[in-house]
Amino acid sequence: MLCKESEKKEWNLAGYSVHFFLTILNNFLSFVSMHLLTVPLPLYVEQMGGSPSQVGLAMGAFAMAAILARPYVGRLVDKLGGKPSLLLGSLLFTVGPLLYIVSHSVPVLLLARFLHGFSISATSTAFIVIIAALAPPGRSGEAIGLSAAAMPVSLMIAPALGADLLKSWGFVPLFILSASIAALSLLVALFIVEPRSTDLNDRSGKESEGTFLQVIRLRSVWVPSGAMGILAVSYGAITTFLPLSAVQQGIANPGLFFTAYGLTVIVAQVLAGRVSDLMGRQRVMVPAMILLALAFPMLAWTRSLPLLLVVAVLYGLGFGAVRVNLNALLVDNVPAMIRGMAMSIAYGSFDLGMGLGPYLLGWVAVSYTHLTLPTIYSV
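Now for a quick tour of the structure.

### Here we look at the overall build of the protein
In step 1: Each helix and strand in the protein was counted, giving 17 helices and 2 strands.
In step 2: Classification of the 379 residues of the protein by burial places 48% in the buried group.
In step 3: Looking at the protein as shown, the accessible area adds up to about 17,700 Å², and 72% of this sits on carbon and sulfur atoms.

Below, the structure is given as structure tokens:
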């Protein structure tokens, strides 16, 4: 009896167990490992003698692998739980940077990038499923909002750090550092205990309910997944073309847009998740979508840095609130036994939107505007 009583008195903070915070730490370390290489990797491909198209191919291979792997990862999560997938993804995050060291040609590096790309698919799908399982009752939106801060915080820190370390360390030590941070995330994952709503026997007896085609046909899956893809199109377009447009308009240091956006997203995700738990998802998402709708036409009229930062805040508020509530809607409405597949479909839609956004908006820019590289570079 004493043993059982001590097991129940597990450490927690405001209703969140230590395993919730360990899961966030694992996610943060994984993203730091990945974002450290945001600046060095294109330069590494170029140093190998890669052409600009091969640089793009090497960077795109990571995302392509993630998209292709998501249905299989979702199946793995539904069958075995989130932790095995989290361990697998953390292991691949560790191995990936080490493979870059032994890649002495662009084709070999492409294979390494492709393998490394499976890591983000495995960790991101498992992460959100574990977070949902660890969320206190009635606070899933708040839990998802809190956990979502890991990625933007890492994005604000790691790319700049990687660029600085590259100057003094070089490529190989930086790849080793990236692998070491990922290895630390793997160590953290070993200590995570994932709650299980059903045992493996119950899951295995219902495997047919979790096939890709069956899950994607569910309204509770394809509606938020489609919205996730549309949201990603806007984000992909902004990250690609905003710096070009800002330079064309004579705005100094457009990178500050992403600093303001990142800070705003962190705040928006935390607040929107909790507010939607109390007031309902739609009451938060509708005004957030209005903010997103306002941000884009304002960008077209932006001619100064202060106004650009205002747009960054508006877009960050809208994006953060919509993203966290789309995840929460999936958690609310999808049974736990197929949640892994549902999340993999939603995240796959986001990945696809990120890839299509720059292409679609690039076509619009060329066809209907004067946003051209020669014009920008001549400013």
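### Considering the side chain of arginine 323
In step 1: Relative to the elements of secondary structure, arginine 323 occurs in helix H15 (residues 305–333).
In step 2: Here arginine 323 occupies a buried position and makes no salt bridge, while the nearest side chain of opposite charge, aspartate 351, is found at 7.0 Å.
In step 3: When near neighbours in sequence (up to four residues on either side) are disregarded, arginine 323 contacts Met228, Leu231, Tyr347 and Phe350.

### Examining the packing of helix H4 (residues 52–80) against helix H5 (residues 82–101)
A pair of packed helices can be characterised by two numbers: the angle between their axes and the separation between those axes.
In step 1: Contact geometry for H4 and H5: axes closest at 6 Å, N-to-C directions at 135 degrees. As judged from the angle between their axes, H4 and H5 are oblique. Contacts between H4 and H5 involve Val73, Leu76, Val77 and Leu80 from the former and Gly82, Pro84, Ser85 and Leu88 from the latter.

### A closer look at the pattern of salt bridges
In step 1: Here the structure, examined in full by the defined rule, presents 5 salt bridges.
In step 2: When the shortest N-O distance is used, the salt bridge between arginine 70 and aspartate 351 registers 2.7 Å. Separated by 281 residues along the polypeptide, arginine 70 in helix H4 and aspartate 351 in helix H16 (residues 339–368) bring together distant segments of the chain. When sorted by exposure, arginine 70 lands in the same class as aspartate 351, which is buried.
In step 3: A network of salt bridges, in which partner residues are shared, links Arg139, Glu142 and Arg274.

### A look at unusual backbone geometry
In step 1: Unlike most non-glycine residues, alanine 14 shows phi in positive territory, near 55 degrees.
In step 2: Relative to the assigned elements, alanine 14 resides in the loop between strand E1 (12–13) and strand E2 (16–17).

The rules behind these values
Residues numbered from 1 in each chain as written. Predicted model: local features only at pLDDT ≥ 70, side-chain atom pairs only at ≥ 80, totals over all residues. Heavy atoms only, no water. Helix = DSSP H or I, 4+ residues; strand = E, 2+ residues; numbered from the N terminus. Buried < 20%, exposed > 50% of the residue type's maximum accessible area, 1.4 Å probe, protein only. Areas by Shrake-Rupley, 256 points an atom, 1.4 Å probe, with all protein chains shown as cover. Lys, Arg positive; Asp, Glu negative; His and termini not counted. Salt bridge = Lys/Arg side-chain N within 4 Å of Asp/Glu carboxyl O. Contact = heavy atoms within 4.5 Å. Axes fitted to C-alpha atoms, helices over the stretch in contact; angles between N-to-C directions. Parallel < 35°, antiparallel > 145°, perpendicular 65-115°, else oblique.

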